[in-house]
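Read off the chains here:
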Amino acid sequence: MNTTGVEPVSMYDAGDSRQVMVDQPFVLQLWEDRTRGEQWVASYDTKGLTLLSDEFLRIASNNAVENGQRIFEFAAVQPGVYYVVFEKRMGWKFTAEDRRLFKIEAQPPTGN
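Residues numbered from 1 in each chain as written. Predicted model: local features only at pLDDT ≥ 70, side-chain atom pairs only at ≥ 80, totals over all residues. Heavy atoms only, no water.

Colleague: Before we go on, may I ask you to explain the overall build of the chain in this structure?
Modeller: Broken down by element type, the chain carries zero helices and seven strands. Secondary structure of the chain in N-to-C order comes out as β-β-β-β-β-β-β. Counting across all 112 residues of the chain, residues that qualify as buried make up 28%. Long-range pairs, those at least 24 residues apart, make up 67% of the contacts in the chain between residues at least 6 apart in sequence. With an accessible surface of roughly 7600 Å², the chain has 49% of that area assigned to carbon and sulfur atoms. (Helix = DSSP H or I, 4+ residues; strand = E, 2+ residues; numbered from the N terminus. Buried < 20%, exposed > 50% of the residue type's maximum accessible area, 1.4 Å probe, protein only. Contact = heavy atoms within 4.5 Å. Areas by Shrake-Rupley, 256 points an atom, 1.4 Å probe, with all protein chains shown as cover.)

Here is the structure:
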């Protein structure tokens, strides 16, 4: 395998980036299949971000599958760059099934 000239991708370079305003709520949504025991767990800097709500929106279907969207609503409490790492956990596993990273760039509110 030839890796000459290839820069390794940092965990902090591989995710999604969002620009938000301080004190304005923003939403991050992830698919979750509770039938399989999946659950997204968020890790973030609580000095810069606050979790306002954590909801599950089940997708209606005619079978017993319980899947849908996990909706996390956050707000930045001060300007800065923060990272939210989501790990998809299964109850019987010690390691994460999947990992998603969001870079949040919180801007100060404009005008008064």
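Colleague: Before we go on, may I ask you to explain the confidence of the model for the chain in this structure?
Modeller: A low pLDDT score tells you not to read the predicted coordinates there in detail. When pLDDT is averaged across the chain, the result is 83; 79% of the residues are at 70 or more. This model gives residues 1–13 a pLDDT under 50, and the stretch forms six contacts once residues within four places in sequence are excluded. (pLDDT = per-residue confidence, 0-100.)

Colleague: When you look at the sheet that holds strand S3 (residues 38–43) in this model, what are you seeing that I'm missing?
Modeller: Note on sheets: strands pair through backbone hydrogen bonds, and any given pair is parallel or antiparallel. Judged by pairing direction, the sheet is mixed, and its four strands sit side by side in the order S1-S7-S6-S3 without closing on themselves. The sheet is open, and its two borders are formed by strand S1 (16–21) and S3, each paired with just one other strand. If you compare each strand with its neighbour and ignore which way they point, the axes differ by 25 degrees on average. As judged from the six bridges shared by S1 and strand S7 (residues 98–107), these two strands associate in the parallel manner. Bridging across to S7, Val20 finds its partner in Ala106. (Pairing = 2+ DSSP bridges. Axes fitted to C-alpha atoms, helices over the stretch in contact; angles between N-to-C directions.)

Colleague: Is there a simple way to think about unusual backbone geometry in this case?
Modeller: Trans peptide bonds make up the majority, and among non-glycine residues the majority have a negative phi. The phi dihedral of Asp23 is positive, around 70 degrees, even though this residue is not glycine. You can see Asp23 is positioned in the loop between S1 and strand S2 (26–33). A relative accessible area of 54% means that Asp23 is categorised as exposed.

Colleague: I'm lost on the sheet that holds S2 in this one. Help?
Modeller: Strand order in the open sheet formed by three strands is S2-S5-S4, with antiparallel pairing between adjacent strands. With one partner strand each, in any of the chains shown, S2 and strand S4 (49–58) form the two edges of the open sheet. Across this sheet, the average inter-strand angle for adjacent strands is 20 degrees, counted without regard to direction. By the bridge criterion, eight bridges tie S2 to strand S5 (residues 67–76) in an arrangement that is antiparallel. By the bridge assignment, Gln29 is partnered in S5 with Ile71.

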